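Here is how the chains run, residue by residue.
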Amino acid sequence: MFGVWCGKDATVASVEDFCIAYLRIRRDVIACVLRHRSCGTVGVVYGLGTKGDAKAVCCEKHPETGELFYNEESGKEYLEKHSGDAFTVEQDGSMIYRMYDGTEFKLALAEEISMEDFDREPSVDPALPVAARMALWNMVQCFRYGDGILDAHIDTRKYSILFSFSLGKCKNVYCRVGQNGYCEKGWAMLSTTCVRLNECRMIEDNLQTLQEYRPKEECFVENSCAFPADGGWYWSLKEVTDDVIYLNGCGGDTYGIYRKK
């Protein structure tokens, strides 16, 4: 079974070739683990600290060469340890994720994934509501890597999940779980877990992410993005064509959701 699972202190997303786990080990420690089906654990990001008072420690094991790239020595230890992680899906669809030291995270199935959905080419259907089109077109999975670069996405109807870092000249870390919310006014995302270079957070009770996120239409701002009190990131509808749905991003940017063809 492939899907997204959520527990009080964890989220795990699994597709055919790889899986991403976000584990709150302590209040001020979040581990993000990227595992490839054939190569084992190839990436670890540790968020150390809370909210905006934090740092990220990263390590990549190159999926082809096995070479290690890291920003701190402790990153190598984290990757080696989490290579002993494993998970099992129970008969009722729930999951038990076991860390290398025996710590268990119990998770409930939040959304089952059909791999065919990632490759399906939707037909042009002007009668389909814009919200339904965005949810259908926005389903994506990818896994990219380089020397000190990892980038994995699992975007489903309900969730937008990202594991990404670059340890090159332009250092960047972005590991995130977001809940998608679509309506006729645009697309909103509620960020529930986030680890960056100076940020580390997960909502207090991550089981809340089992509930569907429904954006408030009145919070969309015409010709702009918005960050209302519900914590969501709101991108208002700009233009709809047969092949692309354009949204008003932030800073004057335009985002596009593309129909596969």
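The structure we're discussing is the one just above.
The rules behind each value
Residues numbered from 1 in each chain as written. Predicted model: local features only at pLDDT ≥ 70, side-chain atom pairs only at ≥ 80, totals over all residues. Heavy atoms only, no water. Patch = residues over 30% accessible without salt bridge, like charges linked within 9 Å, V, L, I, M, F, W, Y side chains within 5 Å. Areas by Shrake-Rupley, 256 points an atom, 1.4 Å probe, with all protein chains shown as cover. Salt bridge = Lys/Arg side-chain N within 4 Å of Asp/Glu carboxyl O. Lys, Arg positive; Asp, Glu negative; His and termini not counted. Charge placed at Lys NZ, Arg CZ, Asp CG, Glu CD. Helix = DSSP H or I, 4+ residues; strand = E, 2+ residues; numbered from the N terminus. Phe/Tyr/Trp six-rings, centres within 6.5 Å; stacked < 30°, edge-to-face > 60°. Buried < 20%, exposed > 50% of the residue type's maximum accessible area, 1.4 Å probe, protein only. Pairing = 2+ DSSP bridges. Disulfide = S-S within 2.5 Å.

1. Overview of a negative patch on the surface
A cluster of acidic residues, Glu16, Asp17, Glu116, Asp119 and Glu121, forms a negative patch on the protein surface. Considering the arrangement of structural elements, one finds Glu16 in the loop between strand E2 (10-14) and strand E3 (18-26).

2. Things to note about the packing of aromatic side chains
As enumerated under the stated definition, the model contains nine aromatic pairs in all. Note on Phe87 and Tyr97: the rings are 6.4 Å apart at their centroids and 20° apart in plane angle, and the pair reads as stacked. Placement of Phe87 in strand E8 (residues 86-89) and of Tyr97 in strand E9 (residues 95-98) is noted, with a sequence separation of ten residues between them. The partly exposed category is assigned to Phe87, whose relative accessible area is 25%.

3. A few points about the pairing of E8
Examined bridge by bridge, E8 and E9 share four bridges and lie antiparallel to one another. Across the sheet, Phe87 pairs through a bridge with Tyr97, a residue of E9. Counted along the chain from E8 to the antiparallel partner E9, the turn is five residues long, and its residue Gly93 has a positive phi close to 90°.

4. Section: the state of the cysteines
Considering all chains together, one arrives at one disulfide under this definition. Here Cys225 is linked by a disulfide to Cys250, with a sulfur-sulfur distance of 2.3 Å. Note on the Cys225 and Cys250 pair: the S-S dihedral is about 125°, so by sign convention the disulfide is right-handed. Taken together, the residues Cys225 in strand E17 (residues 225-226) and Cys250 in the loop between strand E19 (244-248) and strand E20 (254-258) connect sequence positions 25 residues apart. What makes Cys225 buried here is its relative accessible area of 15%.

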